[in-house]
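# Coordinate analysis (summary)
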Amino acid sequence: MTVRETILATAKKTILSESESVANLINFIDDDFAKSVELIYNCKGRLIVTGIGKSAIIATKMVATFNSTGTPSMFLHAAEAIHGDLGMVQPGDVIICISKSGNSPEIKVLVPLLKRFGNTLIGMTANKDSFLGKESDCVLNAHVDRESCPNNLAPTNSTTAQLVLGDALAVCLMEIRNFGSEDFAKYHPGGALGKKLLLRVVDMLDQTHRPQVTPDSDIRHIIMEISEKRLGVTAVVENNHVVGIITDGDIRRMLEKRDSFGDLTAKDIMTKNPKTVQLSDMVVDAFNTMENYSITQMIVTDNNQYKGVLHIHDILKEGII
């Protein structure tokens, strides 16, 4: 085999090995797992996740996932815990301790201290007969047959298994809490996802520059209004009710069909019953409507009163899509 062929073969072998280890975790989902979910759900304090080495890195990811899905969590490094950080553990906290072997020196020092505090301890280990396994109130079995490492030493399959078990806990807790997309958005307000779930039309509509003409406005007024407001469109408004819409495309098509247009008014050119969106509607829903009807602007109303025009370019600038 060439070097490149060897690389590709090794990559595929690693992925297959880890996927098999993950799939095998199904056999270890037992009453202890269910009890662990219930203990975390009923916890009056916070969820503390601790570990050492690569397991500590997995613990930090688990904490991030728990926090973003409605389970208040904190990371406690097992080595730092015995040098002062143990003070973050409070009565009522539930602790998940992660260790592949369950017998590392730091774990053997930390676990008795945690037990002395009276906190509930959930052990996540590949060895249920280890010190951690025997001392835990519940054990999450993260057993793997071997690592993908050629020497069966570097944590690969084992850390992936820990990660997946953590995700399984988080998803189960989301289900129990009926944690929906709006809840998720509360914890992710700053990014594209948060905007997609939270941003409403009223939050981004410029109501100070509302292109509008009356049904009797002449063609010159219509063109000036569209040009001045720079939205490529104007609403046709009567008594603050939208009766139609005129786009710059409508103007071009009208010019192509007629030799004389000085006598035309807005009501002769406008499209009646334009697509509208409410101020309180989600921006992402407005975008979907624009895509479905192949349009780039939508009239915005509130209680049938004209409020402005939402342009697809403004939505794209927000990075929602």
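Residues numbered from 1 in each chain as written. Predicted model: local features only at pLDDT ≥ 70, side-chain atom pairs only at ≥ 80, totals over all residues. Heavy atoms only, no water.

## So, the side chain of Thr-125
Tracing the sequence through the fold places Thr-125 in strand S4 (residues 120-125). Under the relative-accessibility criterion, Thr-125 is labelled buried at 1%. Those residues in contact with Thr-125, other than ones at most four positions away along the chain, are Ser-99, Lys-100, Ser-101, Gly-102, Ser-130, Leu-132, Gly-133, Val-139, Leu-140, Asn-141, Ala-142 and His-143. (Helix = DSSP H or I, 4+ residues; strand = E, 2+ residues; numbered from the N terminus. Buried < 20%, exposed > 50% of the residue type's maximum accessible area, 1.4 Å probe, protein only. Contact = heavy atoms within 4.5 Å.)

## Digging into the sheet that holds S4
Strand order in the open sheet made by the five strands is S2-S1-S3-S4-S5, with parallel pairing throughout. At either margin of the open sheet sits one strand with a lone partner, and together these are strand S2 (73-77) and strand S5 (138-141). Strand-to-strand twist of the sheet, defined as the mean angle between neighbouring strand axes without regard to direction, takes the value 20°. Judged from the five bridges that link them, strand S3 (residues 94-98) and S4 form a sheet pairing that is parallel. Note that in S4 the partner of Cys-97 across the bridge is Gly-123. Along the sheet face, helix H3 (residues 54-68) touches strand S1 (47-51), S2, S3 and S4 and points at about 170° away from the line of S2. (Pairing = 2+ DSSP bridges. Axes fitted to C-alpha atoms, helices over the stretch in contact; angles between N-to-C directions.)

## With respect to the packing of helix H1 (residues 3-24) against helix H7 (residues 157-177)
It is the contact of H1 with H7, at a shortest axis distance of 9 Å, that shows an interaxial angle of 45°. Taken together, H1 and H7 sit at an angle that is classed as oblique. The hand of the H1/H7 crossing is right-handed. Contacts between H1 and H7 involve Ser-17, Glu-18, Ser-21 and Val-22 from the first element and Asn-157, Thr-160 and Val-164 from the second. Grouping the amino acids of the contact of H1 with H7 by side-chain chemistry returns two nonpolar, four polar and one charged. (Parallel < 35°, antiparallel > 145°, perpendicular 65-115°, else oblique. Left-handed = near helix turned anticlockwise from the far one by under 90°. Nonpolar A, V, L, I, M, F, W, Y, C, P; charged D, E, K, R; others polar.)

## Brief notes about the side chain of Asn-157
Within the secondary structure, Asn-157 sits in helix H7. Residue Asn-157 is classed as buried on the basis of its relative accessible area, which comes to 1%. Those residues in contact with Asn-157, other than ones at most four positions away along the chain, are Ser-17, Glu-18, Ser-21, Val-144, Arg-146, Glu-147 and Ser-148.

## Regarding the nonpolar core
Grouped together as the largest cluster of nonpolar side chains are 26 residues, with contacts concentrated most on Val-49, Met-62, Phe-66 and Ile-96. Elements with a contribution of two residues or more to this core: helix H2 (31-41), S1, H3, S3, S4, S5 and H7. Contacts of Phe-66, omitting those with residues within four sequence positions, involve Leu-47, Val-49, Thr-71, Ser-73, Ile-96, Gly-166, Leu-169, Ala-170 and Leu-173. (Core = buried A, V, L, I, M, F, W, Y, C linked by side-chain atoms within 4.5 Å.)

## Section: the sheet that holds strand S12 (residues 305-311)
Pairing is mixed across the open sheet formed by three strands, whose spatial order is S10-S11-S12. A strand with exactly one partner marks an edge of an open sheet, and here the two such strands are strand S10 (276-278) and S12. Ignoring which end each strand starts from, the neighbouring axes of this sheet average 35° apart. Here three bridges tie S10 to strand S11 (residues 297-302), and the two strands are oriented parallel to one another. The partner of Gln-278 across the bridge, within S11, is Thr-301.

## With respect to helix H11 (residues 219-229)
The complete set of buried residues in H11 reads Ile-219, Ile-222, Glu-225, Ile-226 and Lys-229. Projection of H11 onto a plane perpendicular to its axis shows the buried side chains occupying an angular sector of 130°, all on one side. In H11, the exposed residues that point more than 90 degrees away from the buried face are Arg-220 and Glu-228. (Arc of directions from axis to C-beta.)

## Considerations on the pattern of salt bridges
Counted by the stated rule, this structure contains seven salt bridges. A salt bridge links Lys-100 to Glu-147; the shortest N-O distance between them is 2.7 Å. Taken together, the residues span a long stretch of sequence, with Lys-100 in the loop between S3 and helix H5 (105-117) and Glu-147 in the loop between S5 and H7 at a distance of 47 residues. Under the relative-accessibility criterion, Lys-100 is labelled partly exposed at 34%. The partner of Lys-267 in a salt bridge is Asp-216, and the shortest N-O contact between them spans 2.7 Å. Of this pair, Lys-267 sits in helix H13 (residues 266-269) while Asp-216 sits in the loop between strand S6 (212-213) and H11, and the two are 51 residues apart along the sequence. By relative accessible area, which is 43% here, Lys-267 ends up partly exposed. (Salt bridge = Lys/Arg side-chain N within 4 Å of Asp/Glu carboxyl O.)

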